[in-house]
Amino acid sequence: MKAGIKLFSVLALTLGLGVALSQSPGPTGKLVIAQTQDPHSWDPIDTFLLSWGMVGSNIFDGLVDRGPDLKIKPGLAERWVFLKNNSVIRFTLRKGVKFQNGEDFDASAVKFTFDRLLGDEGAKGPQQANYTAIKDVKVVSKYIVEFNMSRPDPVIITKLAGYGAKIIPPKYYKEVGDEKFNNLPVGTGPFRPTEYVKDDHLTLEAFTGYWGGSPKVKTITYRFIPEASTRVAELQAGRADIVQGVPVSLASVVKGIGDAELVPVGTTTVTELRFNTSMKPMDDVRVRRAMIYAVDRDTIIKTILQGYGKPIASFQGEISWGFDPKLKPLPYDPAKAKALLAEAKVPSGTEVEIDFTDTDVQFREVAQGIAGYLQAVGLKVNLKTFEQNTYFSDIIPKNKTGHMYNFGWGGWTLDFDNTAYLLYHKDEYWNPVFSDPKVEALLEKERGTYNQKARQKSMQELARYLQEIAIEMPLYQGVNLWGMNKRVSGWVVPPDDRNRLVNVSVK
Amino acid sequence: MLVVTLLVAFAVRLSGDPVVALFQGASAPNKTDLERIRKALGVDRPFLVQYTEFATGLLTGNLGHSFRNGQPVSELIREKIPGTLVLAASSLFISIALSVPLAISSAVRKGSWVDRLVRLFSLIGLSFPNFWLALMLILIFGVGLRWLPPSGFEDWRSVIMPATTLGLILTATNVRLLRAALLEVLSTQYITVARSKGLPQRVVLYKHALRNAAIPAVTFIGLQFGGLIGGVVIVEQVFAWPGLGSLALNAISQRDYPVLQGTVAVLALVVVAVNLLIDFSYGLIDPRINVS
């Protein structure tokens, strides 16, 4: 056994040398990325913003990792095992890992990270909420930690790949304090932040001691450019190599740039119109189904989204755990819609309202399209917009919406549990009115077990039932558009915005 | 200034929730999480308690900490103020450098083709939305000719396009105002006297007319400064310019109360200071006005 390990390490060493010899000595070149937003803090527990993940995935690692293929794999933990009837999870940590400041990674760093997340510092931020099923973390030995669970959480392993669970260096954090850590943190990832000017740029330098192999590019500069046309202009001027958030309206401009290309990637984000079942006539399932039959969602995707979107049957995309390929969207059938409305005795000219946020230019067009279809079956549609923060804090959760309202969902755990519980379980923040005993029962069944197959079955059943009672009009799964200069190679476009750049190089 | 900050602090709390903004992204809060963070941020307390804390902090220069990253607000503002001041000052400079000669040549030859052209351009300038002008400049000088960086704050070349955008729009109003003021002065008796004395046009214009027309123009430029700050918000967004405008705008959408209140207090202070300076400058322009 020992000999085997020795042979393996010799082999690994030679292979490593071979790779090192065949390449240029160390990282070279500079990569410039234009992204939409500056999260203002690089501390993993301060935010949920995807713009954090764009950058943070290059600075930090978690115990487990989720790559661009969205599969869970070992990160700073080599393996893990569930003990004592799933109430304890034991992680065996990777050895020889260093933080970018030279500090050693071991069990004490894991404990420090989770003590901070679950303690007072974590209480000020939004990430703690995700990890409350963890009671505490115990150091067993230098490279073994145990998580004691206060209640079962079947998606805990996926959550450990989330932002909040990224491991931070205890010594460095205590030395520089929270404020400096927010600006220039240190992690075990392939790049270290070296310069940060808020709302302008963040610079990362390659960390050649990265445990997963040295990065290829020497410097990365993230620039924060809120205006889409300006981001695209930077790509056109050859000053940005990767551009996030190209709007559909500028897709053809990017396609027309000689030394750049448009890169579409399917995302986990789904968009719908949620029905307010507390309002008449939306309390009638026939009316709700009629609304769905009335709208030609495929045509909306083909025209307004220029094909950059996929039809969905339930409020989740294909990669979501709980997705059912056999479940198809309700078809476009205006005749059936009219018949159902007549059956429910909804008079022609009945007014219904569609709500959405005022800054969402694309959804405004989608809403206008939907309004057109609903008018064609005899309804009168009013469109109403709200300021974004008001919409998400006062309008939706306090049940002040109109008959239907726009809702989008990232579903970052890629598990329908997250979506379904927060949206359909009664009295949740996002669900002020709807409740149904069958939904409650299916959710309880799914949450109470670590048996993933059984969970998947319950969630598929739930999705089918939700379509039957037509709680919402699922519209599409989003496609993100990126612009890329052709001098970039080795870039795998992430569906979850966690833009990893360790293997990217520039000519 | 207290009134301004009180109004802003009150208005921003009318709708929305800073805690929900923190959850923006990929998850959803439950009610206990919301309560927990509200308490940690101190927004669960009554409005007057929160405001009194802010107002007393203002007197000692302590503007509180950002909800978003825990950084002291005074530090955030200190980081951003140079960007905004550079932008405001250079656009004022451009506007004065353009509007003074244009207004003079237009007023002196009233009704001529020069005058008509100047008035036409100022009308076009007035009806321009500034974000459109900004995007056009980016497309021409940043993308087409590649003379200037399309966005960001790197060196002096970065200042040109944003300052021109704001400067041109200011010029449009300043030209009209200065032209009208000059015309009024040129029709007064002392100008006629100066001319009849046989003084050359140059002396009449620069020594007698311009100085007297300067008072209303300078007053207006001071008033404009407040509006200029408003224009800065949009220009900063388009050019990804790090300044107070985008800081305030983000603070509104995030409901980051301390940052918004702090920024508004500082901006109000700047506007008051600029207008005070202008009041003092009257004495320099017109010795008859005694400031003391």
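Residues numbered from 1 in each chain as written. Chains lettered and ligands numbered in written order. Predicted model: local features only at pLDDT ≥ 70, side-chain atom pairs only at ≥ 80, totals over all residues. Heavy atoms only, no water.

1. As for the overall build of chain B
- When its secondary structure is counted, chain B shows 12 helices and 0 strands.
- When the helices and strands of chain B are listed from N to C terminus, the series reads α-α-α-α-α-α-α-α-α-α-α-α.
- Seen through its principal axes, chain B has C-alpha atoms that stretch 85 × 55 × 30 Å.
- When each of the 292 residues of chain B is scored for burial, the buried share is 49%.
- For chain B, the exposed area adds up to about 14,000 Å²; of that, 70% sits on carbon and sulfur atoms.
- Taking the 24 positively charged and 15 negatively charged side chains of chain B as two groups, their mean positions are separated by 14 Å. (Helix = DSSP H or I, 4+ residues; strand = E, 2+ residues; numbered from the N terminus. Buried < 20%, exposed > 50% of the residue type's maximum accessible area, 1.4 Å probe, protein only. Areas by Shrake-Rupley, 256 points an atom, 1.4 Å probe, with all protein chains shown as cover. Lys, Arg positive; Asp, Glu negative; His and termini not counted. Charge placed at Lys NZ, Arg CZ, Asp CG, Glu CD.)

2. Digging into the overall build of chain A
- The number of helices and strands found in chain A is 16 helices and 19 strands.
- Here the C-alpha coordinates of chain A stretch approximately 80 × 60 × 45 Å along the principal axes.
- Across the 507 residues that make up chain A, the buried fraction comes to 59%.
- Long-range pairs, those at least 24 residues apart, make up 69% of the contacts in chain A with a sequence separation of at least 6.
- Separation between the mean location of the 63 positive side-chain charges and that of the 58 negative ones in chain A comes to 6 Å. (Contact = heavy atoms within 4.5 Å.)

3. So, helix H8 (residues 156-186) of chain B
Residue and element names in this part refer to chain B.
- With 31 residues, H8 should cover 45 Å at 1.5 Å per step; its first-to-last C-alpha distance of 39 Å lies more than 12% under that length.
- Of all bends in H8, the biggest is about 30°, found at Ala 163.
- Of the residues that open H8, the one with a side-chain oxygen 2.9 Å from the backbone nitrogen of Arg 157 is Asp 155. (Expected span 1.5 Å × (residues − 1). Bend = angle between axes of the 7 residues up to and from the residue. Polar contact = N/O pair within 3.5 Å; in protein donor to acceptor, adjacent residues only side chain to side chain.)

4. Points about the interface of chain A and chain B
- With 48 residues of chain A at the contact, the number on the chain B side is 50 residues.
- With both chains or domains summed, chain A and chain B bury close to 4,000 Å², and 51% of this area falls on carbon and sulfur atoms.
- Remark: the boundary between chain A and chain B carries 4 salt bridges.
- Among the salt bridges present, the one from Arg255(B) reaches Glu387(A), with a minimum N-O distance of 2.8 Å.
- Linking chain A with chain B are 18 residue pairs in polar contact (both at pLDDT 80 or more).
- Counting residues per element, the ones that place at least two in the side of chain A that touches chain B are helix H4 (120-123), helix H6 (170-183), strand S10 (219-224), helix H7 (228-236) and helix H13 (388-395) of chain A.
- Tallying contributions element by element places H13(A) first for the side of chain A that touches chain B, with 6 residues.
- Grouping the constituent residues of the side of chain A that touches chain B by class yields 17 nonpolar, 16 polar and 15 charged. (Buried area = accessible area lost by both parts, 1.4 Å probe. Salt bridge = Lys/Arg side-chain N within 4 Å of Asp/Glu carboxyl O. Nonpolar A, V, L, I, M, F, W, Y, C, P; charged D, E, K, R; others polar.)

5. Things to note about the domain arrangement of chain A
Residue and element names in this part refer to chain A.
- Taken domain by domain, chain A holds domain 1 (30-216 + 487-506) and domain 2 (267-479).
- Relative placement of domain 1 and domain 2: their C-alpha centres are 34 Å apart.
- Contacts between domain 1 and domain 2 engage 16 residues on the former and 14 residues on the latter.
- Both sides of the domain 1 and domain 2 interface together cover about 1,200 Å² of buried area, and 66% of this is carbon and sulfur.
- Its largest share of buried area at the contact with domain 2, domain 1 owes to Leu 70, Pro 154 and Val 155, together 40% of the area lost on that side.
- For the pair domain 1 and domain 2, the interface holds 0 salt bridges.
- Grouping the amino acids of the side of domain 1 that touches domain 2 by side-chain chemistry returns 8 nonpolar, 4 polar and 4 charged. (Domains from an automatic or database assignment.)

6. Side note on the packing of H8(B) against helix H10 (residues 201-238) of chain B
All names here are of chain B.
- The contact between H8 and H10 brings their axes to 8 Å, and the two run at 150°. Overall, the two elements H8 and H10 adopt an arrangement that is roughly antiparallel. For the pair H8 and H10, the sense of crossing is right-handed.
- Residue composition of the contact of H8 with H10, grouped by class: 20 nonpolar, 6 polar and no charged. (Axes fitted to C-alpha atoms, helices over the stretch in contact; angles between N-to-C directions. Parallel < 35°, antiparallel > 145°, perpendicular 65-115°, else oblique. Left-handed = near helix turned anticlockwise from the far one by under 90°.)

7. With respect to the domain arrangement of chain B
Residue and element names in this part refer to chain B.
- According to the domain assignment, chain B consists of domain 1 (2-60) and domain 2 (80-285).
- On a C-alpha basis, the centres of domain 1 and domain 2 stand 36 Å from each other.
- Contacts between the two partners involve 16 residues from domain 1 and, on the opposite side, 10 residues from domain 2.
- Taking both partners together, domain 1 and domain 2 bury about 1,100 Å²; carbon and sulfur atoms supply 68% of that area.
- At the junction of domain 1 with domain 2, the criterion picks out 1 residue pair in polar contact (both at pLDDT 80 or more).
- Among the elements of the structure, helix H1 (2-12), helix H2 (18-22) and helix H4 (47-60) are those that each provide at least two residues to the side of domain 1 that touches domain 2.

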